[in-house]
Structure formats: structure tokens, C-alpha cells
Amino acid sequence: MAFRDVLNIEVAAGNGGDGSMSFHRAKYMEKGGPDGGHGGKGGSIVLRATQGVESLERLVGRRKFKAPNGAYGEGRLRQGSDGEDIFIDVPVGTTAFDEDSGRVIADLVRVGEERVIARGGSGGRGNSTFTSSTRQAPRFAELGTAGQKRRVRLELRLIADVGLVGYPNAGKSSLLAALSRANPAIADYPFTTLSPILGVVDRLDEAGTPLDERFTLADIPGIIEGASEGKGLGLEFLRHISRTRLLVYVLDVTRNPVEELRQLQAELYAYDPSLLEQVALVALNKVELTDEDLAVMVEDELVQFGLPVVHVSAKEGQGQAQLREAIFQMLPDRELWAQTHALEIEPDTVREEALRIEFRIDPAARGVGIVSTGQPERVWTIHGGGFEERIVRFSRYLEEASEYLGSVFKRQGLYNALKRAGAREGDTVEIGTHRFEYFDEDEGK
Ligand SMILES: Nc1nc2c(ncn2[C@@H]2O[C@H](COP(=O)(O)OP(=O)(O)OP(=O)(O)O)[C@@H](O)[C@H]2O)c(=O)[nH]1
Ligand SMILES: [Mg+2]
């Protein structure tokens, strides 16, 4: 099975159902009251983290997800049913990005965690809602709003506690095999490991009996100089270690460990500078191939990096118990780590746009554009403040709802704002596709 760890999908939440415009009808009753019910909510698209799914592969073949719409409201105050949410199961460790804004919209790190990635539209209110002392028979209702549509990129980062990084052939896979029950491919050629592999490492007591304490260890493909420019297998796989709590630099003592570590750190830095802030140690591997004095000399040279050094042999077993124990002792506490490394997630609610009034046309000032009424037309265009959305929600009943909308707009301060901007009696106000005449209430008082 190919290891797929990035997947692009398209998601569309359901639209909200329209509110109903209806009046009660019964025998012997001439004129019943308004009884239009509300529309139902549209279904949302929800990501859910599950265990036991190792890759995003499971989703392949299905790139588009659509949640059902909410049902229309009906007479007799019957509310439309809500559209059901659609759940997309993804492996723990999946992060979702909005393809267009690039922002993180979900980051699932615990089994069972859920996050809405496309919100269903809300249902419109039925006409029964809009009665008042002066409006007994509203002949309008509210439409449902559109569900959110998004292009989403899913990325899977293995949630490993510890990551092994090193040049090809340094012995990373050999170490994983020695410390855990994982069975990675090991061979005497570079880039044996082509995709990340996880193993579980138990803490052992002195007699070698497992204690009830363990960490997961990720083995990733080797990194070479220039990896950040795409050489070798590139740095794609560093994504998997970007959220580990500890890094083990695996160095082959028989090569040039000091130079290799410098290069490794430069490549990691180029990918993501915060990788170098992770707790780390050095596993100086293959020590059985050199004499001890030489290994100690190398260790002295590595002092400049400020990292603890453990001498090991993945092949012969030396230092493995020490390496295991050193990792357990240095590993930052999971809860504390999670608190300081939480990704910043896009807020759920879109910040409401401030009201902007744009004075578009003043033909009089330019001496042109006399309309049929013989008056120069002055048009004020309204953006933001939720006014355009509100017009859309009543677009089917603009005529009937105009008095209600007028009172809402007034309460929201639209006419005051227009007046302050210099609007005059008879000017045209444009909100979305709707146009109406500006009327100054205080005039003539
Ligand atoms: N002598 C000796 N050989 C080792 C030791 N550890 C690993 N090797 C050998 O080094 C070679 C590479 O080992 P791997 O574990 O595949 O190395 P890797 O770092 O995973 O390599 P890539 O997956 O290509 O990045 C194999 O031939 C191993 O047998 C060791 O401690 N001593
Ligand atoms: Mg390997």
C-alpha cells in the first residue's frame, strides 16, 4: 500500500432550508394567522479522528463530500428537518488546511476528536416570526443561507513521540528495529527507507522486564545535504517529525559525524527553524567499528552542539539500554508539550465586516446623466455590516418585507450613517441587488 499522506478534497455543507410563508386555514375561519414554520439547518462536514486508519489512503476514490440541505419550513408551524452532518474519518495526526487561505482549520491529535470544516447554512425563519403589533399578517419569510464550500488539503503527520533523523545508511532503521518490535527494511544502501515507520519502545527495568511506560519512535527516510532544495527524497517527510517531542540525531561514527550533524541541522532549519528548538540528543552509531578512544574524540568535538551523546551499536547492542533510558529521561511531558505546541486554528466565526458606505454616482457634479424623472441620480452603495446578506435572505419577498427590513436597518443605524455621509432625501440606496429611495425621517420636523 502506497503511503499517501497528503490529500486534497472538496467539501460542501448543506444549505439551510427556507422559512415558510403560510397562513392558517380552517373551516369557518376566514382569515387565519401566519403559521409558516422555520427551515432546517444544512448538514455540516465534520472531520473525526479515528484509530486504526494508518493513512489517508482510505479516503482515496472519494474526493468530494456534500452534506444534505435542510428541509423547507411548512405551514402549521412545521419546522423543516435538519440536514445530517457528514463525518469524514481520518487518522489521528491529520491537519486540515483551507486550500485558498492556507490557514489551519482543524488539527486532530486525539482519538474521537471532531472538528467542523464546512458549516451548514442556517434555516430561514417562517413568517410567523415576523408578527408585531402593527404587522399582523407578514407576507414574507426568510430564506436559508448557503452552506460553506471549501477546498481542503489534509495532511497526515504521524504522531510519534520521538523522531530519528540522520543521513542515509546511518543506521536509523537498525536502531528502530533494535529498540522496538517494528520490522523495518535494513540494507547497506542509501534510501532503504522510503516512507515513515513507527515503532513502540517500552521502558525496561534492570532485568529487562517491560515497565508500564512507552513512547512511539518514528523512522523516516534519510536526509542529505540540499534536501531542503529537493535533493534525495526531499524534506517532505520532515513533516512527520515536526510534532515529535524529542529528536534523535543518528550519526555514523565512521563517517564525518561533526560535519554530518552540522548539515543535518542546516537542512532541518531550512525546512522549519522550530525543529532546532526541539529537545534532542545524539546517537553515535556503529561504535563497535572504531576503537573507543576515537569515539571519545568524536564526542569531544560534538560538544559544540550542546547535545548529550550516547555511544551505541544498533548491530551489536552496545549502549542501547542507555539510549532508551536517556530518551525516557529527556522526553518532555506530553500534556505540557501539547499546551505549548498547539497550532493556531482559524476561528469558527467570521469577523463581521464593518459597514462601508460608498457614494458611487453623482452625475450632477459631473454635469451629466439626467434620468427620466428629470433628477440627477445619486447612488449610495452599502457594503458589509451584514446588510447584503440580509437582503439575500429576503430576496424572494423584498416588496412584502420592505417595511420590516426598513425598521431593522434603522435599528442597525444605517440611516444615521447615510445621513452623516451626506445623503439627501430622494437619493438611491443600493444594497446588493436591491435599490430603494433614501428618506430622511427628521426632514420637515
Ligand atoms: N557495523 C554496524 N553496521 C550497522 C550498524 N547499524 C546499522 N548498520 C548497517 O548500516 C546499514 C544501513 O542501516 P539502516 O538501518 O538501513 O540505515 P538507515 O539510516 O535506516 O538508512 P536509510 O533508510 O537509507 O536512510 C545496514 O547495512 C546496517 O546493517 C551498527 O551499529 N554497526
Ligand atoms: Mg532506514
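Scroll up for the structure.
Anyway, here's the lowdown on the structure attached to this text. These numbers come from a predicted model, not from an experiment.

1. Some thoughts on the sheet that holds strand 4 (residues 86-91)
Okay, so step 1: Pairing within the open sheet is mixed, and its three strands lie in the order 4-2-7. Because the sheet does not close on itself, it has two edges, and the strands there are strand 4 and strand 7 (114-118). The sheet shows a mean angle of 35 degrees between the axes of neighbouring strands, direction not considered.
Okay, so step 2: Sheet topology note: the strand 2 (residues 45-50)/strand 4 ladder contains six bridges and is parallel. When the bridges of strand 4 are listed, Thr 50 appears paired with Pro 91.

2. Concerning the environment of Glu 236
Okay, so step 1: Structurally, the position occupied by Glu 236 is in the loop between strand 11 (210-219) and strand 12 (246-252).
Okay, so step 2: Sequence spacing of Glu 236 and Pro 221 is 15 residues, and the spatial spacing of their C-alpha atoms is 9.6 Å.

3. Notes on the packing of helix 2 (residues 257-271) against helix 3 (residues 292-302)
Okay, so step 1: Where helix 2 meets helix 3, the axes come as close as 9 Å, and the angle between the chain directions of the two elements is 35 degrees. Classified by chirality, the crossing of helix 3 by helix 2 is right-handed. Facing helix 2, whose interface residues are Pro 257, Val 258 and Leu 261, helix 3 presents Val 298, Glu 301 and Leu 302.
Okay, so step 2: Within the contact of helix 2 with helix 3, the residues separate by chemical class into five nonpolar, no polar and one charged.

4. Focus on the nonpolar core
Okay, so step 1: Ile 223, Leu 238, Tyr 249, Val 282 and Leu 302 are the most contacted members of the largest nonpolar core, which totals 26 residues.
Okay, so step 2: Breaking this core down by element, the ones donating at least two residues are strand 12, helix 2, strand 13 (279-285) and helix 3.
Okay, so step 3: With four residues, the single largest contributor to this core is helix 2.
Okay, so step 4: Excluding its chain neighbours within four sequence positions, the residues that come into contact with Val 282 are Tyr 249, Leu 251, Leu 261, Leu 302, Leu 307, Pro 308, Val 309 and Val 310.

About the thresholds
Residues numbered from 1 in each chain as written. Chains lettered and ligands numbered in written order. Predicted model: local features only at pLDDT ≥ 70, side-chain atom pairs only at ≥ 80, totals over all residues. Heavy atoms only, no water. Pairing = 2+ DSSP bridges. Helix = DSSP H or I, 4+ residues; strand = E, 2+ residues; numbered from the N terminus. Axes fitted to C-alpha atoms, helices over the stretch in contact; angles between N-to-C directions. Left-handed = near helix turned anticlockwise from the far one by under 90°. Contact = heavy atoms within 4.5 Å. Nonpolar A, V, L, I, M, F, W, Y, C, P; charged D, E, K, R; others polar. Core = buried A, V, L, I, M, F, W, Y, C linked by side-chain atoms within 4.5 Å. Buried < 20%, exposed > 50% of the residue type's maximum accessible area, 1.4 Å probe, protein only.

No statement about biological role is implied by the geometric values presented.
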